[in-house]
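# Coordinate inspection notes
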Amino acid sequence: MSTVLDRPVVAAHQDPAPAGRPDVRPAGKRLGPGRRRQLAWVGPSALLLLWTVSSATGLLDPRILSEPWTVVATAGELIADGRLQENLAISAQRAGLGLFFGILVGAVLALLSGLSRVGEALIDGPVQIKRAIPGLALIPLLILWFGIDETMKVLTITLGVFVPVYLQTHAGLRGIDLRFVELAQTVGLSRAGFIRKVVLPGALPGFFLGLRFAVTGAWVSLVVVEQINATSGIGYMMELARTYGQTNIIVLGLAVYGILGLLSDGIVRFIERKALSWQRTLAG
């Protein structure tokens, strides 16, 4: 027999109407941000235009910040000799591993803490302690424990990733309406069914918010670890350029980090819209 729990749980402010039902909302002026448009490129393009104009008019000293065309030419040279691709692949591998382990640890700990009072008592306190300790403060200790090889770098990124995933997922779990829990008990859902039909849909919005913070945290941590006794990666390339006063390579490295961060955030937001298509929010 079909029940109301055969579909993801939706909150009171969301529209549970099935697709195809006519839109009966008022046709007057709306108070929200309007329909979704593909405008994510506007901000970065405006920033690039400002940089170009400032460099062309001499407002920016090229010794302080290289011109965009110089950075593009430098990228072409580094691509031609293979250095940029090689360092980018190594950086992406480090960030990917740290992101994977951080998401896994953060999500598992959030489920254990959010679904059990005992789990919360054991887990939440240590995570809050880690949250209060800057990642940079742990690097000397991690170097003593693991040396300066890949293990230390991936672990540093993992520690920067799992905290936001844990915090936002845990908050999403604790924010599930108690009435849905009581309804699941009334219809006799098993523990697995309760997790699948109530817990996971309720925690997904918080998880994706934490994932966006985690992606940013992964790139920030990567910048740090690649400038500490590294021999490869975009950060190492930038640190080497600093030694020789090559501003153009430093700016190129920053641009690469920025593009990677923007692309990864866009991917997360796209997946979020698809996974939470049943939600109706101001985000559209």
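No experiment lies behind these values; they were computed from the predicted model shown.

This part covers the pattern of salt bridges. Within the structure shown, the criterion is met by 8 salt bridges. Two residues, R94 and E150, come together in a salt bridge whose shortest N-O distance is 2.8 Å. Taken together, the residues span a long stretch of sequence, with R94 in helix α3 (residues 83-114) and E150 in helix α6 (residues 150-174) at a distance of 56 residues. Its salt-bridge partner being R117, residue E120 comes within 3.5 Å of it at the nearest N-O pair.

This paragraph deals with a nonpolar patch on the surface. A cluster of nonpolar side chains, contributed by L97, F100, F101, L104, V108 and L112, occupies part of the molecular surface with about 540 Å² of accessible area. Mapping F101 onto the fold places it in helix α3.

Grouped together as the largest cluster of nonpolar side chains are 31 residues, with contacts concentrated most on V161, F207, L222 and I234. Mapped by element, the contributors of at least two residues to this core are α2 (68-80), α3, α6, α8 (191-225), α9 (234-243) and α10 (247-275). Looking at this core, the element that brings in the most residues is α8, giving 9 residues. When neighbours within four sequence positions are excluded, L222 is seen to be in contact with S91, R94, A95, I157 and Y257. Residues L173, A184, F194 and V198 belong to the second largest nonpolar core, which totals 7 residues.

Cut-offs applied
- Residues numbered from 1 in each chain as written.
- Predicted model: local features only at pLDDT ≥ 70, side-chain atom pairs only at ≥ 80, totals over all residues.
- Heavy atoms only, no water.
- Salt bridge = Lys/Arg side-chain N within 4 Å of Asp/Glu carboxyl O.
- Helix = DSSP H or I, 4+ residues; strand = E, 2+ residues; numbered from the N terminus.
- Patch = residues over 30% accessible without salt bridge, like charges linked within 9 Å, V, L, I, M, F, W, Y side chains within 5 Å.
- Areas by Shrake-Rupley, 256 points an atom, 1.4 Å probe, with all protein chains shown as cover.
- Core = buried A, V, L, I, M, F, W, Y, C linked by side-chain atoms within 4.5 Å.
- Buried < 20%, exposed > 50% of the residue type's maximum accessible area, 1.4 Å probe, protein only.
- Contact = heavy atoms within 4.5 Å.

On their own, these measurements won't tell you what the molecule is for.
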